Amino acid sequence: MLLGVNIDHVATLRNARGGFEPDVLTAARICKDCGVASITTHLREDRRHIKDSDVEAIRMLPRTRLNLEMAMTDEMQEIALRLRPHAVCIVPEKRQELTTEGGLDVESQLERAIKFTKPLLEKNIEVSFFIDPDVHQISAVSKTGAPFIELHTGRYSEVFGTEEEEKAFQDLKGAAIFAQNFGLKVNAGHGLNYQNVGRMHEIPNLVELNIGHSIIARSIFVGLEQAVKEMKVLCEG
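What counts, and where the lines are drawn
Residues numbered from 1 in each chain as written. Predicted model: local features only at pLDDT ≥ 70, side-chain atom pairs only at ≥ 80, totals over all residues. Heavy atoms only, no water. Pairing = 2+ DSSP bridges. Helix = DSSP H or I, 4+ residues; strand = E, 2+ residues; numbered from the N terminus. Axes fitted to C-alpha atoms, helices over the stretch in contact; angles between N-to-C directions. Contact = heavy atoms within 4.5 Å. 1 Å grid on protein atoms, 1.4 Å probe; cavity = no way out; pocket = protein on both sides within 12 Å on 5 of 7 lines; lining within 4 Å. Points joined across faces, edges and corners; volume = space filled by probe spheres on them. Nonpolar A, V, L, I, M, F, W, Y, C, P; charged D, E, K, R; others polar. Phe/Tyr/Trp six-rings, centres within 6.5 Å; stacked < 30°, edge-to-face > 60°. Lys NZ or Arg CZ within 6 Å of the ring centre and 35° of its normal. Buried < 20%, exposed > 50% of the residue type's maximum accessible area, 1.4 Å probe, protein only. Right-handed = clockwise from strand over helix to strand, strands pointing away. Disulfide = S-S within 2.5 Å. Salt bridge = Lys/Arg side-chain N within 4 Å of Asp/Glu carboxyl O.

> For the sheet that holds strand β4 (residues 87–90), give the residues involved together with the corresponding values.
Around the barrel, which closes on itself, the eight strands sit in the order β1-β2-β3-β4-β5-β6-β7-β8 with parallel pairing between neighbours. Looking at each pair of strands side by side, their axes are set apart by 25° on average, direction ignored. Relative to strand β3 (residues 66–70), strand β2 (residues 38–42) runs parallel, the two sharing four bridges. Pairing of His42 across the sheet is with Glu69, part of β3. Each of β6 (148–152), β7 (185–189) and β8 (206–211) touches helix α8 (residues 165–181); the most contacted strand, β6, lies at about 170° to it.

> Quick rundown of empty space enclosed by the protein? Include the residues and the values.
Over the atoms, a rolled probe matching the size of one water molecule traces out where space is still vacant. Considering all chains together, one arrives at one cavity of 30 Å³ or more under this definition. Of the voids in this model, the largest cavity is the one considered here, and its volume is about 90 Å³. Lining of the largest cavity is provided by Arg65, Asn67, Ala87, Val88, Cys89, Glu126, Ser128, Phe148, Glu150, Asn187, Glu208 and Asn210. Every element with two or more residues in the lining of the largest cavity is listed here: β4, β5 (126–131), β6 and β8. The residue inventory of the lining of the largest cavity, partitioned by class, reads four nonpolar, four polar and four charged.

> Mind laying out the packing of aromatic side chains, listing which residues take part and the relevant values?
Applying the stated criterion across every chain, the model contains three aromatic pairs. Among the aromatic residues, those joined into a ring-pair cluster are Tyr156, Phe160 and Phe169. Over the aromatic face of Phe169 sits the side chain of Arg199, whose NZ or CZ is 4.0 Å from the ring centroid. Looking at Arg218, its charged tip hangs above the ring of Tyr194, at a distance of 5.8 Å from the centre.

> Quick rundown of the pairing of β6? Include the residues and the values.
For β6, a buried count of five out of five residues is recorded, marking the element as mostly surrounded by other parts of the structure. Alternating residues of β6 divide into Phe148, Glu150 and His152 and Ile149 and Leu151, and every residue in both groups is buried. The handedness of the β5 to β6 crossover, carried by helix α6 (residues 135–141), is right-handed. Relative to β7, β6 runs parallel, the two being bridged by five bridges. Looking at the pairing, Ile149 lines up with Val186 of β7.

> Describe the state of the cysteines, listing the residues and the values that go with them.
Per the counting criterion, the structure on display carries zero disulfides. The thiol of Cys89 is not disulfide-bonded; the next cysteine sulfur, from Cys235, is found 16 Å away. On the basis of relative accessible area, Cys89 is assigned to the buried category, the value being 1%. The thiol of Cys235 is unpaired, and the distance to the nearest cysteine sulfur, on Cys31, comes to 12 Å. A relative accessible area of 0% means that Cys235 is categorised as buried.

> Break down helix α9 (residues 213–222) for me, citing the residues and quoting the values.
One turn of the α-helix equals 3.6 residues, which is why residues spaced by three or four share an orientation. Among all positions of α9, only Ser214, Ile215, Ile216 and Ser219 are buried. Against the buried residues of α9 lie β1 (2–6), α1 (8–17), β8 and α10 (224–236). Looking at the residues trailing α9, positive phi occurs at Gly223, about 95°.

> How would you sum up unusual backbone geometry? Please name residues and give values.
In this chain, Glu21 is followed by Pro22 through a cis amide linkage whose omega measures -5°. With respect to the helices, strands and loops of the structure, Pro22 is situated in the loop between α1 and α2 (24–33). With phi around 50°, Arg84 is a residue other than glycine that occupies positive phi space. On the accessibility criterion, Arg84 (38% relative accessible area) is partly exposed. Within the chain, Asn124 stands out as a residue other than glycine whose phi angle is a positive 60°. One can find Asn124 in the loop between α5 (110–122) and β5.

> Explain the pattern of salt bridges residue by residue, including any values.
Inspection of every chain in the model, using the stated rule, returns 20 salt bridges. Residue Asp54 is joined to Arg14 by a salt bridge in which the shortest nitrogen-to-oxygen separation is 2.8 Å. Of this pair, Asp54 sits in helix α3 (residues 52–59) while Arg14 sits in helix α1, and the two are 40 residues apart along the sequence. Judged by relative accessible area, Asp54 falls into the buried class, the value being 8%. Taking relative accessible area as the criterion, Arg14 reaches 8% and is therefore assigned buried. Each member of the salt-bridge network shares a partner with another, and the members are Glu165, Glu166, Arg199 and Glu202.

As structure tokens, then:
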């Protein structure tokens, strides 16, 4: 499996005090030099961590695959069409949430999702929808033209090490196989860390794991380069 690193929380730390430290672009460079598959940033409506200037700077970084997480809004579509990142991941977004709380409900807004996806694909931007491991949501995504889904691993991560772990894991595994039968490629992420990421190898043909918070948290103690390399080894098996 490939590793994509979400560097949002480098920006969270920077914004806590203002100024420029720690520098988001430097973090992106370190991750790139470690050989990660992509750099993920979530440009939120309220710009609580990543700013427009961060996304623009990372987009200009040579030989860097930018994965832009964003809400399904006209503003974010315009930004993506202007910057043309390698990939976008469409996520739900609520202002009051600390972090993304669940997958996007594509089924209930399928017509909107189809219209939103089309111009992005026409610009050769890879599109993914961040969804819960639910067959109805997978079926809906398969109608949008998007080639990828990203499975929300939050439930699995929350119950890892408890008696509920196995069911949560099997839900993920079953959803991945179901999606692949539709011809969709499958990524996964949210809440994955150095302890629970190993079981992702039991899910066939996962393409990429997007991991952020645990890597940035570990980097406080061992440095970002070491934290990324340790996680990369776990993802690559």
